[in-house]
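Residue-level structural notes
Residues per chain, in single letters:
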Amino acid sequence: MVIGITGGVGSGKSTALDLIKDSMPACILRTDDIASELMDTVLLDRLSLAFKRVLRGSDGKLDKRLYSEILYSDPANTALSDSIVHPAVWDRVRELICEAEARGLPVFVETALPGPEFCEICDRIIAFVTPDELREERLSESRGYTREHFDAIKRRQLDHKGYEAYADNVINNNGSKEELKRMVLDEIDDIYKSCKREQR
């Protein structure tokens with residue numbers, strides 16, 4: 001069973017995954033973390049060659065400041081980066097899913113940028129949606145985001161209806177952490193029961 005987790009920044013995805021990790025044996029795959037790992041290692045030389053710039057920093061990893069400057073200087077640069085990074089990320093996700101399934105673990109794959117490969121990989125998808133003002137408030141408290149920073153990230157992501165369009169199940173995360181935990185575990189339980197009925 002592979003369950004997809006998606007939603008915009010500040011919607012509660014990370015908190016939900018932490019709750020899942022604490023509640024059951026599971027393989028948690030965060031696509032941002034996988035992308036960062038690949039960009040610091042196997043993709044670093046490919047990205048440097050594509051942009052004709054030395055992107056390796058003094059620590060041997062990706063120079064994120066320089067990389068960001070290149071990306072946001074031209075939309076074509078973002079598209080070029082995506083064409084290199086995204087396929088590698090999803091290939092790695094598939095490898096990790098196979099490893100987890102061999103160990104008998106359920107898999108949760110999280111992304112803020114759902115697309116065809118995400119839908120293909122996941123048996124079910126849960127979208128987390130939260131009012132923008134509450135998302136902004138949470139991110140200001142937890143990560144120190146300014147309104148401008150939040151708005152910049154939000155513009156690069158889907159709106160609520162966009163995430164809901166990808167989802168089999170939607171969780172409206174407007175309450176406490178305890179309420180979120182109950183909703184998440186109930187949703188997962190319902191998904192497993194539904195799948196068992198379908199297999200009969």
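Below, the structure is looked at part by part. This is a predicted model, so every value here is computed, not measured. Position numbers for residues start from 1 in each chain and track the written sequence from start to end. Only residues with pLDDT of at least 70 are given local features in this predicted model, and only at 80 or more are side-chain atom pairs given and counted; all residues enter the totals for whole chains, interfaces and linings. With hydrogens and water stripped out, all remaining heavy atoms of the structure feed into the side-chain values.

Here we take up the nonpolar core. What makes a nonpolar core is a set of buried Ala, Val, Leu, Ile, Met, Phe, Trp, Tyr and Cys residues whose side-chain atoms join them at distances within 4.5 Å. Relative accessible area decides the class of each residue, using a 1.4 Å probe on protein chains only: under 20% of the type maximum gives buried, over 50% gives exposed, and in between gives partly exposed. One finds Leu-29, Leu-47, Leu-55, Tyr-67, Val-93 and Val-109 to be the most contacted residues of the largest nonpolar core, which totals 33 residues. Going through the elements one at a time, strand S2 (27-30), helix H2 (31-40), helix H3 (44-51), helix H4 (64-73), helix H5 (75-102), strand S3 (107-111) and helix H6 (116-121) are the ones with two or more residues in this core. Broken down by element, this core gets its largest block of residues, 9 residues, from H5. We call two residues contacting when some pair of their heavy atoms lies within 4.5 Å. Once residues within four sequence positions are removed from consideration, Leu-29 is found in contact with Ile-34, Val-93, Leu-96, Ile-97, Val-107, Phe-108, Val-109 and Glu-110. What counts as a helix is a DSSP run of H or I of at least four residues, what counts as a strand is a run of E of at least two, and both are numbered from the N terminus.

Pairing between two strands is assigned when DSSP locates at least 2 bridges connecting them. In spatial order, the strands read S2-S3-S1-S4-S5; together these 5 strands make up an open sheet with parallel pairing. Among the strands making up the open sheet, the edge pair consists of S2 and strand S5 (169-172). On average, adjacent strands in this sheet sit at an angle of 20 degrees to one another, irrespective of strand direction. Direction of pairing for strand S1 (residues 2-7) relative to S3: parallel, over a ladder of 5 bridges. Its bridge partner lying in S3, Thr-6 is registered against Thr-111. Simply put, an axis is a line fit to the C-alpha atoms, just over the touching stretch for a helix, and the angle between two N-to-C directions goes from 0 to 180 degrees. Here helix H1 (residues 13-23) sits on the sheet and contacts S1, S2, S3 and strand S4 (124-129); the angle it forms with S2, its principal contact strand, is near 160 degrees. Where H5 meets the sheet, its contacts fall on S1, S2 and S3, and the angle it forms with S3 comes to roughly 160 degrees.

Moving on: empty space enclosed by the protein. In this analysis the probe radius is 1.4 Å and the grid spacing 1 Å, with only protein atoms considered; a cavity is a set of points the probe fits into but cannot get out of, a pocket is an open set with protein on both sides within 12 Å along at least five of seven lines, and lining residues have an atom within 4 Å of a point. Grid points are joined across faces, edges and corners, and a volume is the space filled by probe spheres set on the points. Summed over the entire model, instances satisfying the criterion amount to 1 cavity of 30 Å³ or more. When its volume is computed, the largest cavity comes out at roughly 40 Å³. Around the largest cavity sit Gly-8, Ser-11, Phe-128, Val-129, Thr-130, Arg-135, Leu-158, Asp-159, His-160 and Tyr-163, which together line it. Counting only elements with at least two residues in the lining of the largest cavity, the list comes to S4 and helix H9 (160-166).

The side-chain alternation of S2 yields one buried face, formed by Cys-27 and Leu-29, and one unburied face, formed by Ile-28 and Arg-30. Bridge analysis of S2 against S3 gives 4 bridges, and the strand direction is parallel. Of the residues in S3, the one forming a bridge with Leu-29 is Val-109.

What follows is about the environment of Phe-108. Among the secondary structure elements, Phe-108 is positioned in strand S3. Accessibility expressed as a relative area gives 0% for Phe-108, which makes it buried. Placed 88 residues apart in sequence, Phe-108 and Ile-20 show a C-alpha to C-alpha distance of 9.0 Å. Every residue in contact with Phe-108, bar those within four places of it in the chain, is listed here: Ile-3, Ile-5, Leu-17, Ile-20, Met-24, Ala-26, Cys-27, Ile-28, Leu-29 and Ile-188.

Of all the residues in H4, the buried ones are Leu-66, Tyr-67, Ile-70 and Leu-71. Projection of H4 onto a plane perpendicular to its axis shows the buried side chains occupying an angular sector of 135 degrees, all on one side. Of the exposed residues in H4, the ones pointing more than 90 degrees away from its buried face are Lys-64, Arg-65, Tyr-72 and Ser-73. Those residues of H4 hidden inside the fold are in contact with H2, H3 and H5. Two N or O atoms count as a polar contact when they lie within 3.5 Å, although within protein this holds only if one can serve as hydrogen donor and the other as acceptor, and sequence-adjacent residues are included solely when both atoms are side-chain atoms. At the N-terminal boundary of H4, the capping side chain belongs to Asp-63, with an oxygen 3.3 Å from the backbone nitrogen of Arg-65. Working definition: the arc comes from the directions between the helix axis and the C-beta atoms, pointing outward to the latter.

Here we come to the packing of aromatic side chains. In this analysis, rings of Phe, Tyr and Trp, with Trp reduced to its six-membered ring, are considered paired at centre separations within 6.5 Å, and the interplanar angle assigns stacked below 30 degrees, edge-to-face beyond 60, and tilted for intermediate values. This model, assessed by the stated rule, comprises 1 aromatic pair. Seen from their ring centres, Trp-90 and Phe-118 are 6.1 Å apart, and the 50 degrees between their planes marks the pair as tilted. Placement of the pair is Trp-90 in helix H5 and Phe-118 in helix H6, with a sequence separation of 28 residues. Each member of the pair, Trp-90 as well as Phe-118, is classed as buried.

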